[in-house]
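# Structure assessment
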Amino acid sequence: LLLSVDMGDASTVDRPAQSPAHAANGCAAALRDALANNEVRPWFQPKVACADGRLVGFEALVRWHDPVRGVQPADRIIPLAEDNGLIDTLTWSMLEQSLAWLSGNFPDSDLHMAVNLSARSSLSTNTFMSGLVALCERHGVPPARLALELTESHAMVDERGSLSQLTRLRMRGFRLAIDDFGTGFSTLQQLLRLPFSEIKLDRSFVLQSTHDPASRAVIESLVELGHKLDLGCTAEGVEDQRTLDYLRELGCDHAQGYHIARPMPGDEALAWVAAR
Ligand code: C2E
Ligand code: MG
Ligand code: MG
Ligand code: MG
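Now for a look at the structure at hand. Fair warning: this is a prediction, and the values are worked out from it, not measured in the lab.

Parameters at a glance
Residues numbered from 1 in each chain as written. Chains lettered and ligands numbered in written order. Predicted model: local features only at pLDDT ≥ 70, side-chain atom pairs only at ≥ 80, totals over all residues. Heavy atoms only, no water. Helix = DSSP H or I, 4+ residues; strand = E, 2+ residues; numbered from the N terminus. Contact = heavy atoms within 4.5 Å. Near = heavy atom within 4 Å. Polar contact = N/O pair within 3.5 Å; in protein donor to acceptor, adjacent residues only side chain to side chain. Nonpolar A, V, L, I, M, F, W, Y, C, P; charged D, E, K, R; others polar. Axes fitted to C-alpha atoms, helices over the stretch in contact; angles between N-to-C directions. Parallel < 35°, antiparallel > 145°, perpendicular 65-115°, else oblique. Left-handed = near helix turned anticlockwise from the far one by under 90°. Buried < 20%, exposed > 50% of the residue type's maximum accessible area, 1.4 Å probe, protein only. Pairing = 2+ DSSP bridges. Donors = N, O, S within 2.8 Å, 3.2 Å for Na, K, Ca; no water.

### Details of the overall build of the chain
Helix and strand counts for the chain stand at eleven helices and nine strands. Long-range contacts, defined here as pairs at least 24 residues apart, represent 67% of the contacts in the chain between residues at least 6 apart.

See below:
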């Protein structure tokens, strides 16, 4: 019903004008080297509770610290990694670095780390979960402190494989978030079929919520739906206080956005936490 309304994808707005497909041949080799040389790093965006502003965790967002071209955005890195067989290496590097940072700086807290998974990462292999379990053990982080963010397209790539694998991950204690919720196809089916613990409302709705009644209607319905299904709701793309106030009144659980904090390199994120 309401999800057949196509709101478009706001993430295309701040995408570079040139398509990622511009990538010259040398780019993939450069990315491979960058992964080996630790130039590909997670930046961290804080996530807070709408009710009281309390910090609840971080989302890890990939950045490439290219010594020549400067810091490269995710939208340039991910397609390049996906098209050149580097996405699994990238994902494991992000998981490793993010958990190392979390456990090193917040060893005795329940702050969580959310890491994005590509629709093209081999989630359905048996080694994926054992790798995750080993990663958590190595860093002394319980699986409940790691959230895996998936997009709807992810679940559809390999329906059966993903379903059983996602169920196993949930049963093992990992948190699963459905990212960019509300923008995809057959969202409701995915939500009912797959064992998610959290929905992340796409920022296209969130950004428009203060001036667009239709976006408000969508957000309000999705938060209510999420809560009825016993799922946490996070709003992405909160850019002003008015939006945050609105989300609080609505009972939305968590918020992320430039109004709260931008994604930051690890040391800056620590300074941000310390300054609060
Ligand atoms: P996403 O997972 O939905 O992440 C949210 C994106 O919105 C991030 O862009 C973040 O910087 C941006 N954002 C946060 N708050 C605001 C706000 O208030 N206003 C606006 N306009 N934007 C905001 P980023 O870092 O460029 O990442 C873009 C996408 O790339 C991510 O969307 C995610 O799908 C993908 N991505 C990022 N890191 C990774 C990664 O390590 N692995 C995979 N597979 N995908 C990643
Ligand atoms: Mg995400
Ligand atoms: Mg998102
Ligand atoms: Mg997105």
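Alright, that's what it looks like, and here's the rest.
### Remarks on the site of ligand 1
Neighbouring ligand 1 are 24 residues; Asn116, Asp179, Arg203, Glu239 and Tyr258 lie closest to it. At a separation of 3.3 Å, an oxygen atom of ligand 1 approaches a polar side-chain atom of Glu236. Mapped by element, the contributors of at least two residues to the shell around ligand 1 are strand 2 (55-66), helix 2 (74-83) and strand 6 (175-181). Counted by class, the shell around ligand 1 contains nine nonpolar, five polar and ten charged residues.

### A few points about the packing of helix 9 (residues 213-228) against helix 10 (residues 241-250)
The contact between helix 9 and helix 10 brings their axes to 11 Å, and the two run at 40°. When the axes of helix 9 and helix 10 are compared, the pair comes out oblique. Taken as a pair, helix 9 and helix 10 cross one another with a handedness that is right-handed. Between helix 9 and helix 10, the residues in contact are Arg216, Ile219, Glu220 and Val223 and Tyr246, Leu247 and Leu250, respectively. Across the contact of helix 9 with helix 10, the residue classes break down as five nonpolar, no polar and two charged.

### Overview of the pairing of strand 4 (residues 112-116)
Note on strand geometry: in a regular strand, side chains alternate between the two faces of the sheet. Counting buried positions over the five residues of strand 4 gives four, a clear majority of the element. Judged from the four bridges that link them, strand 2 and strand 4 form a sheet pairing that is parallel. Across the sheet, residue Gly57 finds its bridge partner in strand 4, namely His112.

### Here's the deal with the coordination of the magnesium ion (ligand 3)
Coordination of the magnesium ion (ligand 3) by the protein involves Asp179 (OD), Asp180 (OD), Glu236 (OE) and Glu236 (OE), with metal-donor separations of 2.0 to 2.5 Å. Sequence spacing among the residues donating to the magnesium ion (ligand 3) works out to D-D-x55-E. Here the magnesium ion (ligand 3) and the magnesium ion (ligand 2) are spaced 4.1 Å apart, and both take Asp179 as a donor. One end of the pair, Asp179, is in strand 6; the other, Glu236, is in the loop between strand 8 (232-235) and helix 10, with 57 residues separating them in the sequence. For the pair Asp179 and Glu236, a shared accessibility class is recorded, and that class is buried.

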